[in-house]
Amino acid sequence: MDFSLPESAQAVQRGVADICSRYDMAYWERCESEKRWPEEVWQDLAKGGWLGLAVPEEYGGSGQGLLELAVATETLSASGSAGGSAFTYVLTPGFGAMTLSRHGSAEQKAALLPGLATGEIETCFALTEPDAGSNSLAISTFARQDGSDFVVNGQKIWITGVQRATWMLLVARTIPAAEARPRTNGMTVFLVNVPEAVAAGQLSYRPIPKMGANTTPSNMVFIDDLRVPASNVLGELHGGAVVLWDVLNPERILLGASALGGAEVALRTGVNYAKEREVFGRPIGANQAIAFPLAQVKAKIELARLMLYKAAWSFDNGLPCGTEANIAKLTASQAAWEAADAAFQTHGGMAYSLEYPVARLLTDARIGKIAPVTEELLLNYLATQVLGLPRSF
């Protein structure tokens with residue numbers, strides 16, 4: 001077994017790290033406090049070709065896989081952005097480029113992939129609904145066919161990045177949930193031109209005030225008689241579940257990579273303070289009560305990284321990766337939370353001062369325990385689908 005990263009992933013690591021070295025922690029603090037997209041970083045990544053990793057070479061990308069995307073996400077996050085960078089690689093390279101590359105028609109690929117490779121086209125993903133919550137099969141947004149178009153009505157919630165998106169991957173029912181056999185049948189993914197839909201008054205959104213991750217707004221989305229050409233169906237009509245698995249597993253892996261990078265930032269922040277802060281005539285890091293929690297976090301980060309890379313490698317090699325993706329997301333998010341908490345405790349009262357990044361790191365780390373899927377649902381999957389324990393519903 002070879003545990004070393006392939007040269008392709010190492011090149012991504014070096015390239016993204018070089019760009020990240022131009023931006024310090026203060027930059028990411030400003031982006032968060034000003035609630036603005038890290039435009040400078042985005043443009044640098046675009047110029048370096050680091051946004052087109054998942055786009056095939058014939059469309060202007062570098063034809064890499066999910067492992068390279070995960071390494072890019074982790075590297076960006078570990079540079080100091082933490083949760084602030086999570087959607088830099090999830091929204092467009094992940095949701096857009098990777099999904100289009102695997103499921104788009106020839107016409108869809110030709111129209112969108114070149115722009116996705118350069119960052120000129122951006123995407124978002126709309127699945128979650130106010131009433132369905134984590135029960136994605138129970139969504140009620142419905143698309144009925146009307147000639148050569150579909151007419152869509154419904155609502156979505158926690159849809160991130162609508163403001164910048166050129167295209168939305170919109171999930172709707174084309175067979176009502178009560179009539180679908182099996183339950184996964186009758187879901188369809190549509191490509192929606194966001195500016196056109198907004199201009200027509202068929203799609204609107206309202207930002208949700210958030211306690212963190214404010215570099216990218218999340219929104220309530222309202223869909224009113226939205227007309228979508230049948231040619232904009234992504235994948236097969238009624239067969240959107242196949243597309244969804246290739247969205248949700250990469251999403252968990254990429255957000256796990258972001259959490260892993262955030263854990264590294266928090267650990268580094270805590271360790272540096274423990275070395276520099278002196279009380280009772282010695283650095284506080286000499287005290288085992290400070291040192292041991294930080295050491296424990298280091299062990300958990302390394303364990304989570306092994307599963308994260310395995311999950312991404314499995315996806316790239318066409319192997320089942322649901323279990324690995326869920327474990328990677330679970331363990332990386334737990335490591336991020338424990339790292340941020342340990343850094344917070346290490347700083348003591350100074351952790352409350354916004355002169356230090358600890359409060360932001362703690363807030364960002366907490367997100368991973370509930371989004372995009374809760375820790376409890378990940379554990380429920382492992383309990384029922386892996387261990388074979390009886391279902392509770």
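For the structure, check the block above.
Note that the structure is predicted; figures quoted are calculated from it, not measured. (Residues numbered from 1 in each chain as written. Predicted model: local features only at pLDDT ≥ 70, side-chain atom pairs only at ≥ 80, totals over all residues. Heavy atoms only, no water.)

Caption draft 1: Spatial organisation of the nonpolar core. One finds Val16, Leu45, Tyr89 and Phe125 to be the most contacted residues of the largest nonpolar core, which totals 95 residues. By residue number, the principal contributor to this core is helix α8 (residues 240-276), which donates 16 residues. In terms of nonpolar packing, the next biggest core, distinct from the first, is built from 21 residues, Cys124, Val162, Leu203 and Leu226 among them. (Core = buried A, V, L, I, M, F, W, Y, C linked by side-chain atoms within 4.5 Å. Buried < 20%, exposed > 50% of the residue type's maximum accessible area, 1.4 Å probe, protein only. Helix = DSSP H or I, 4+ residues; strand = E, 2+ residues; numbered from the N terminus.)

Caption draft 2: Molecular detail of the packing of aromatic side chains. Applying the stated criterion across every chain yields a total of 7 aromatic pairs. The interplanar angle of 50° and the centroid separation of 4.7 Å between the aromatic rings of Tyr23 and Tyr27 together place this pair among those described as tilted. Each ring, one from Phe95 and one from Phe125, has its centre 5.0 Å from the other, and the planes form 40°; the classification is tilted. One end of the pair, Phe95, is in helix α5 (residues 86-103); the other, Phe125, is in strand β1 (residues 123-126), with 30 residues separating them in the sequence. As far as the burial class goes, Phe95 and Phe125 line up, both buried. Lying over the aromatic face of Trp337, Arg366 brings its terminal NZ or CZ to 5.6 Å of the ring centre. (Phe/Tyr/Trp six-rings, centres within 6.5 Å; stacked < 30°, edge-to-face > 60°. Lys NZ or Arg CZ within 6 Å of the ring centre and 35° of its normal.)

Caption draft 3: Molecular detail of the packing of helix α9 (residues 288-316) against helix α10 (residues 322-347). Relative orientation of the contacting elements α9 and α10 amounts to 160°, with a least axis distance of 8 Å. Looking at the two axes, α9 sits roughly antiparallel to α10. With respect to the hand of their crossing, α9 and α10 are arranged in left-handed fashion. When α9 is examined against α10, the residues Ile290, Pro293, Leu294, Val297, Lys300, Ile301, Ala304, Met307, Leu308, Lys310 and Ala311 are found in contact with a partner set consisting of Glu324, Ala325, Ile327, Ala328, Thr331, Ala332, Ala335, Glu338, Ala339, Ala342 and Thr346. Here the contact of α9 with α10 is composed, by residue class, of 16 nonpolar, 2 polar and 4 charged. (Axes fitted to C-alpha atoms, helices over the stretch in contact; angles between N-to-C directions. Parallel < 35°, antiparallel > 145°, perpendicular 65-115°, else oblique. Left-handed = near helix turned anticlockwise from the far one by under 90°. Contact = heavy atoms within 4.5 Å. Nonpolar A, V, L, I, M, F, W, Y, C, P; charged D, E, K, R; others polar.)

Caption draft 4: Representation of helix α6 (residues 106-118) in the model. End to end, α6 covers 19 Å across 13 residues, agreeing with the expected 18 Å (1.5 Å per residue, within 8%). In α6, a bend of some 35° at Leu112 exceeds every other bend along the element, and Pro114, a proline, comes one to four places later. Turning to α6, its buried residues are Gln108, Lys109, Leu112, Leu113, Gly115, Leu116 and Ala117. Its buried side turned inward, α6 meets α5, β1, β4 (167-173), β5 (187-193) and β8 (233-234). One or two positions beyond α6, positive phi appears at Gly119, with a value near 85°. (Expected span 1.5 Å × (residues − 1). Bend = angle between axes of the 7 residues up to and from the residue.)

Caption draft 5: Just the environment of Ala180, in detail. Turning to its location among the elements, Ala180 is positioned in the loop between β4 and β5. Overall, the relative accessible area of 1% leaves Ala180 in the buried class. Those residues in contact with Ala180 that lie beyond four places of it in its chain are Arg173, Ile175 and Asn185.

Caption draft 6: How the structure looks around the pairing of β5. With 7 of its 7 residues buried, β5 lies for the most part within the structure. Burial along β5 is two-sided: Met187, Val189, Leu191 and Asn193 and Thr188, Phe190 and Val192, pointing in opposite directions, are all buried. Pairing between β4 and β5: 7 bridges, direction antiparallel. Looking at the pairing, Ala172 lines up with Thr188 of β5. Bridge analysis of β5 against β8 gives 2 bridges, and the strand direction is antiparallel. Looking across to β8, one finds that Val189 is bridged to Leu234. (Pairing = 2+ DSSP bridges.)

Caption draft 7: Quick peek at helix α11 (residues 358-367). Counting buried positions along α11 yields 7 of 10 residues, so the element is predominantly enclosed. Within α11, burial applies to Val358, Arg360, Leu361, Leu362, Thr363, Asp364 and Ala365. Where α11 is buried, its residues contact α2 (25-34), α4 (66-81), α8 and α10.

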